[in-house]
Amino acid sequence: MAKKRGFMEPFNWKRELRLFPGYLLLSVWILFTIVLLGWVVAASFSTTKAIFSGHVLSQGIHFENYAKAWNNSNVSAIFFNSLMYSVISCTLLVLICAPAAYVLSRFRFAGNKMIQTSLVSAMGVPVVMIVLPLFSLIAGMNVLNNYIANKAVLIFLYVGINVPYTTIFLLTFFANISRAYEEAAAIDGCPPMRAFWLIMFPMAQSGIITVTIFNFINIWNEYFISLIFANSDRVRPVAVGLYSMINSMKYTGDWSGMFASVIIVFLPTFILYIFLSEKIIAGITGGGVKG
């Protein structure tokens, strides 16, 4: 079988000159990001004295900063807290929102449009408007002083707040998948819910992966809800934990350890972007086979 030859478009000077300002702006932004992240990484391997002198790494590379941050600065606790919140919340969001989006996109029933409109409207409600009523309700249940219950409350809030966005995002994917697959499954005697899990759910994989990545990053970086509802250091996620560490720098002065903590906390989202960037792009630009 002959190999398919790629087509290379001829270089167009006029078009490239028109795009030059965009190239320049993008290059400056990339350079700024690389320099900034590079300095933070270098500072995480340096010493506090070298950081304040303006010559990072002048006193050698100190890998022990990471061990010290992980063991002594409570980074391990907040890291695993956030990992647990993010993984459990994202799993529950997929299990709840994927079937809901499928039903809303495929079946016509009384209240369908009203539910979709309500979900879209809920996306526009700022969290700050509902946090006080939520806190009053949950505080009245006397669950914030219990370690396990406090964690469960945070997961419940993360799931509830992200349900509208996740459902609307997936609804578009299921609406764009051809109905021919379901019709073929129905002819073979496959019931609708089984057809969903065996056929439609895998076909919406790019959208599910994309929205899961976005939810993971949002929950991992979430600050306001955890600041209000995380009642102790044992249940705090990375955002609130890092803020507490920055405040403690006024007394300990361990800035190299703080930068090491920042890199540890930054790694999960960075790794997600590096290895799943193609899935994210495909999930945003794609959406199944249009029927």
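Only a predicted model underlies this, so the values are computations on that prediction, with no experimental measurement involved.

Q: For the UniProt feature "transmembrane region" (unreviewed entry) in the protein chain, give the residues involved together with the corresponding values.
A: According to UniProt, the feature "transmembrane region" (unreviewed entry) maps to residues 20–42, 83–105, 117–140, 152–174, 195–217 and 255–276 in the numbering used here. Between the end C-alpha atoms of residues 117–140 the distance is 31 Å, and the span holds 83% helix and 0% strand. The distance from the first to the last C-alpha atom of residues 195–217 is 31 Å, and the span holds 96% helix and 0% strand.

Q: Before we move on, can you summarise the side chain of N81 with the specific residues and values?
A: Structurally, the position occupied by N81 is in helix α4 (residues 75–106). Using a relative accessible area of 4% as the deciding quantity, one classes N81 as buried. The residues touching N81, leaving out its near neighbours within four places in the chain, are K151, D233, R234, V235, R236 and P237.

Q: Mind laying out the packing of helix α7 (residues 147–176) against helix α10 (residues 205–221), listing which residues take part and the relevant values?
A: Two quantities define a packed helix pair, namely the angle between the axes and the distance from one axis to the other. Two elements in contact, α7 and α10, have axes separated by 10 Å at closest approach and are oriented at 155 degrees. Judged on the interaxial angle alone, α10 and α7 are roughly antiparallel. Crossing geometry of α7 relative to α10 is assigned as right-handed. Residues Y158, N162, Y165, T166, F169, L170 and F173 of α7 touch α10, and the partners they reach there are S206, G207, I208, T210, V211, F214, N215 and I219. In the contact of α7 with α10, the residues fall into 9 nonpolar, 6 polar and no charged.

Q: I'd like a rundown of the environment of A122, residues and numbers included.
A: One can find A122 in helix α5 (residues 112–123). A relative accessible area of 34% places A122 in the partly exposed class.

Q: Any chance you could break down the packing of aromatic side chains for me, citing the residues and the numbers?
A: One pass over the full model with this rule turns up 23 aromatic pairs. A ring pair is formed by Y102 and F107, whose centres lie 6.0 Å apart and whose planes are at 85 degrees; its orientation type is edge-to-face. By relative accessible area, Y102 is classed as buried at 2%. With centroids separated by 4.7 Å and ring planes inclined at 70 degrees, the aromatic side chains of F196 and W197 adopt a geometry described as edge-to-face. The exposure class assigned to F196 is buried, which follows from its relative accessible area of 0%. Take W197: its relative accessible area is 37%, and that puts it in the partly exposed class.

Q: I'd like a rundown of the pattern of salt bridges, residues and numbers included.
A: In total, this model carries 2 salt bridges according to the counting rule given. Ionic pairing is found between R106 and E182, a salt bridge with its closest N-O pair at 2.5 Å. Pair noted here: R106 is in helix α4 and E182 is in helix α8 (residues 180–187), with a separation of 76 residues, a long-range link. Between D233 and R236 there is a salt bridge, with its nearest N and O atoms 2.4 Å apart. We classify D233 as partly exposed; its relative accessible area is 47%. A relative accessible area of 22% places R236 in the partly exposed class.

Criteria and cut-off values
- Residues numbered from 1 in each chain as written.
- Predicted model: local features only at pLDDT ≥ 70, side-chain atom pairs only at ≥ 80, totals over all residues.
- Heavy atoms only, no water.
- UniProt positions renumbered as here; feature names shortened; annotations may be inferred.
- Helix = DSSP H or I, 4+ residues; strand = E, 2+ residues; numbered from the N terminus.
- Buried < 20%, exposed > 50% of the residue type's maximum accessible area, 1.4 Å probe, protein only.
- Contact = heavy atoms within 4.5 Å.
- Axes fitted to C-alpha atoms, helices over the stretch in contact; angles between N-to-C directions.
- Parallel < 35°, antiparallel > 145°, perpendicular 65-115°, else oblique.
- Left-handed = near helix turned anticlockwise from the far one by under 90°.
- Nonpolar A, V, L, I, M, F, W, Y, C, P; charged D, E, K, R; others polar.
- Phe/Tyr/Trp six-rings, centres within 6.5 Å; stacked < 30°, edge-to-face > 60°.
- Salt bridge = Lys/Arg side-chain N within 4 Å of Asp/Glu carboxyl O.

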